[in-house]
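Structure at a glance
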Amino acid sequence: MTIALRGAAAVVGVADHHYKRGEAPHGELPMTLEAILAACSDAGVNPHEVDGFVSYAGGGFDGATLGGALGVDDVRWSTMMWGGGGGGVAAAINNANVAIATGQADTVVVYRSMAQEDTGRLGYASYFYGPHYLAHGVGSPAQVCALRTQRLLEHDGVPREALRSLVLAAYRHAQNNPTAAGYGRPLDEAAYDDSRLITEPFHLYDCSRENDGAVALLVVSADRARALRPDAAYLLAGAQGAPGGYSSLIDNDDLYTTAGFAGRGDRPGVADRLWTAAGLGPADVDVTQVYENFSGPAVAALIDHGLAPTGPAAGEVLTCDNLTAGVGDLPVNTSGGNIADSFVNGMGLAVEAVRQIRGTSTNQVDGARTSLFIGGPMAPLVSSTLFGHQDTL
């Protein structure tokens, strides 16, 4: 029996709390609980009704821990998504959709919290990439993603300016978002070009910021969503996969310049499966939030999803104006993204995707009915989620 997932569930409540790195008022557990309560309040749902919990990649707070603290009636679903480096963050939302569609739970919260004081940061790559990198002097995610990005520029011919355009558009969006870290700090081409090199080809502004915070999204069935609010963000499709294998396998991948979403020959990739499940294609997307741990992987992810061409032609599509809401045809990272807004493992991007469906973004895309959320690219496992307004069902 095939379970229909398209439109089976919707996000009805969101919360996105973020602070300067190391300055959170609480540890990760209190922040997680605050975010869940805020998402429930946003949805008009009693927290005692939550019966499903999905965390993304980290944190020791399972359904039993959170359910006990919240005083929920019954914990029926408790999972944590694998896929570090942001790759599985969209899959966490897809997991909630599965729980709802299969009747395993009725009210599922997806969450992530990060606090410097509790768990520090994982910028050193040995935990993730293994000794085969360290033996060659590669010891950080920036260096790992730089290898593929440099290949994207040199072999595929994607112009360096495409990376800069993605960053400049993010900072342009941040100027309209008072909660963004980049708010009041506009960035121009000269400042970007003059910023110090972190690891070729990434300059300072190509790298995502890090901060403390907690994010939660509340997911319920489509029937209940219609009763709760007219602007719910329905889950049209989701996909995940690890086509490049893991560890040394991924770095001997023939498709070395992809972000991990592309298909291989006659084998559909994550992006292909997403479009098939949604019954839609790249041309149907109104706005996109793409996880940019670094600018290069995000550009590759847009190419993998068919939103931009590869090669020199990418520079004609990936311009600052074309990536800006209200100006171009391919608005991307309308809150400022990980680069100019905030970073809680990319979960805030999902909240912004929901805001676009609601019509409440600080950089609203007029008439947005579909909103794509792309998880961390160039990670061993990657994932995507497509949200839609009820008009798309």
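Criteria and thresholds
- Residues numbered from 1 in each chain as written.
- Predicted model: local features only at pLDDT ≥ 70, side-chain atom pairs only at ≥ 80, totals over all residues.
- Heavy atoms only, no water.
- Salt bridge = Lys/Arg side-chain N within 4 Å of Asp/Glu carboxyl O.
- Helix = DSSP H or I, 4+ residues; strand = E, 2+ residues; numbered from the N terminus.
- Buried < 20%, exposed > 50% of the residue type's maximum accessible area, 1.4 Å probe, protein only.
- 1 Å grid on protein atoms, 1.4 Å probe; cavity = no way out; pocket = protein on both sides within 12 Å on 5 of 7 lines; lining within 4 Å.
- Points joined across faces, edges and corners; volume = space filled by probe spheres on them.
- Nonpolar A, V, L, I, M, F, W, Y, C, P; charged D, E, K, R; others polar.
- Expected span 1.5 Å × (residues − 1).

Attention shifts here to the pattern of salt bridges. Under the counting rule described, the total for this entry stands at 15 salt bridges. For Arg76, the salt bridge identified is with Asp106, shortest N-O distance 3.0 Å. Here Arg76 is found in the loop between α2 (63-70) and β3 (77-81), whereas its partner Asp106 is found in the loop between α3 (89-101) and β4 (107-114), with 30 residues between them in sequence. A relative accessible area of 35% places Arg76 in the partly exposed class. Salt bridges sharing common partners tie together Asp42, Arg229, Asp231 and Arg358.

This part covers empty space enclosed by the protein. Tallying each qualifying case throughout the model produces four cavities of 30 Å³ or more. Residues of the lining of the largest cavity, tallied by class, amount to eight nonpolar, four polar and three charged.

Compared with the 16 Å implied by 1.5 Å per residue over twelve residues, the 17 Å span of helix α15 (residues 347-358) between its first and last C-alpha is a close match. Along α15, eleven of the twelve residues are buried, which leaves the element largely enclosed by surrounding structure. Within the span of α15, buried status applies to Met347, Gly348, Leu349, Ala350, Val351, Glu352, Ala353, Val354, Gln356, Ile357 and Arg358. Backbone geometry just downstream of α15 places Gly359 in the positive-phi region, at approximately 85°.

Our next topic: the layout of surface pockets. As a volume, the second largest pocket reaches approximately 330 Å³. What lines the second largest pocket is a set of 18 residues, among which Lys20, Ala181, Arg185, Arg209 and Glu210 lie closest to the centre. Sorting elements by how many residues they give to the lining of the second largest pocket places strand β1 (residues 9-20) first, with three residues. Across the lining of the second largest pocket, the residue classes break down as seven nonpolar, five polar and six charged.

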